[in-house]
Amino acid sequence: ANRLNISEKQLQEYKCGQSAIHSTLLYQIASILKVDFNYFFEGFPHSTPSTESNSQTIIRTDPEKPLKVLLIDDNEEDTYLTKKAFDASSIPVTLSSMNDGTESLRFLRNQTTHQSRPDVILLNLHLPKVHGLTILHELKQDDTLSDIPVIILSGSTNKNDISTCYQKYASGYMCKLFDFNLFKTNVQNFTRYWAQTVVLPNR
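Here the structure is a predicted model, which means the values were calculated and not measured.

Q: Please explain the packing of aromatic side chains as it appears in this structure.
A: The way to describe two aromatic rings as a pair is by their centre distance and the angle between their planes. The full count for this structure, using the stated rule, is 2 aromatic pairs. Ring plane angle 85 degrees and centroid distance 4.9 Å describe the contact between Tyr 193 and Trp 194, whose orientation is recorded as edge-to-face. On the basis of relative accessible area, Tyr 193 is assigned to the partly exposed category, the value being 39%. Judged by its relative accessible area of 10%, Trp 194 is buried.

Right, dumping it as structure tokens:
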């Protein structure tokens with residue numbers, strides 16, 4: 001107890017299983033007793049959780065599964081360059097594009113399964129008929145779509161635009177760049193983050 005800098009009462013509680021013990025402390029005890037860390041787990045039965053439990057609690061990801069991205073942008077030239085940037089990515093991506101915000105909402109609301117929905121949405125602010133902020137608001141108010149990350153892809157560097165997008169629950173803000181090589185780098189970082197770093201509902 002002295003070497004662990006804890007009270008004898010606390011040590012007794014650990015011994016009797018009356019108090020949870022941190023793994024770091026368990027390693028220290030193993031070192032003091034000169035035994036392997038696994039010594040404390042010998043004799044315990046290996047439980048096998050049910051299949052139903054596994055399906056609900058264990059995260060399985062497929063790194064080869066393409067990231068599904070929906071681009072909503074009415075600018076044909078920007079759409080073309082964005083597609084070229086994604087084509088250059090070393091990470092597999094399935095990119096779809098739509099040029100109308102209202103039609104995009106209708107399309108997304110007609111997707112009946114998670115498998116048919118995009119993993120991530122790239123949304124331009126300045127769209128015909130309906131502004132991108134309105135589309136963002138509609139997406140985040142829809143219980144069936146609100147879990148899809150929406151990243152704004154805009155030529156605007158206005159601080160108010162950026163702040164407003166985050167206030168309306170955008171998951172990120174990317175600026176359209178004149179330097180295509182730098183834009184390709186940003187797209188590569190984008191795909192790496194959403195495909196390999198975080199865990200998404202569809203993945």
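Additional details are given in the paragraphs that follow.
Q: Any chance you could explain the pattern of salt bridges here in plain terms?
A: When charged atoms on two side chains of opposite charge get close, those side chains can pair. With the rule as written, the count across this model stands at 7 salt bridges. Lys 176 is the salt-bridge partner of Asp 73, the closest N and O atoms lying 2.8 Å from each other. In this pair, Asp 73 is assigned in the loop between strand 1 (67–72) and helix 4 (76–87) and Lys 176 in the loop between strand 5 (172–175) and helix 8 (180–197), connecting sequence segments 103 residues apart. Its relative accessible area of 3% is what places Asp 73 among the buried residues. Residue classification places Lys 176 among the partly exposed residues on the basis of a relative accessible area of 22%. Asp 78 is the partner of Lys 176 in a salt bridge, and the nearest nitrogen-oxygen pair spans 2.8 Å. Of this pair, Lys 176 sits in the loop between strand 5 and helix 8 while Asp 78 sits in helix 4, and the two are 98 residues apart along the sequence.

Q: What exactly am I supposed to notice about the sheet that holds strand 2 (residues 93–98) here?
A: The strands that make up a sheet pair up through hydrogen bonds in the backbone, lying either parallel or antiparallel. Taken in spatial order, the 5 strands make up an open sheet running 2-1-3-4-5, and their pairing is parallel. The sheet is open, and its two borders are formed by strand 2 and strand 5, each paired with just one other strand. For this sheet, the mean angle separating the axes of adjacent strands, direction not counted, is 25 degrees. As defined by bridge partners, strand 4 (residues 150–154) adjoins strand 5 across 4 bridges and the pair is classed as parallel. By the bridge assignment, Ile 151 is partnered in strand 5 with Gly 172. Seen against the sheet, helix 4 touches strand 1, strand 2, strand 3 (120–123) and strand 4 and runs at an angle of roughly 175 degrees to strand 2.

Q: Got a minute to help me understand the pairing of strand 2 in this structure?
A: The side chains of a regular strand alternate, first on one face of the sheet and then on the other. As paired strands, strand 1 and strand 2 are joined by 6 bridges and run parallel to one another. Across the sheet, Ile 72 pairs through a bridge with Met 98, a residue of strand 2. What joins strand 1 to strand 2 is helix 4, and the crossover it makes is right-handed.

Q: Is there a simple way to explain the confidence of the model for the protein chain in this structure?
A: Caution applies to low-pLDDT regions: their predicted coordinates should not be interpreted in detail. Summary statistics for the protein chain give a mean pLDDT of 85 and a share of 87% for residues scoring 70 or more. Averaged over each element, pLDDT in the protein chain is lowest for helix 3 (residues 51–57) (49) and highest for strand 3 (97). Long-range and interchain partners of residues 47–55, a stretch whose pLDDT sits below 50, account for 2 contacts in this model, where long-range means more than four residues apart.

Thresholds applied
Residues numbered from 1 in each chain as written. Predicted model: local features only at pLDDT ≥ 70, side-chain atom pairs only at ≥ 80, totals over all residues. Heavy atoms only, no water. Phe/Tyr/Trp six-rings, centres within 6.5 Å; stacked < 30°, edge-to-face > 60°. Buried < 20%, exposed > 50% of the residue type's maximum accessible area, 1.4 Å probe, protein only. Salt bridge = Lys/Arg side-chain N within 4 Å of Asp/Glu carboxyl O. Helix = DSSP H or I, 4+ residues; strand = E, 2+ residues; numbered from the N terminus. Pairing = 2+ DSSP bridges. Axes fitted to C-alpha atoms, helices over the stretch in contact; angles between N-to-C directions. Contact = heavy atoms within 4.5 Å. Right-handed = clockwise from strand over helix to strand, strands pointing away. pLDDT = per-residue confidence, 0-100.

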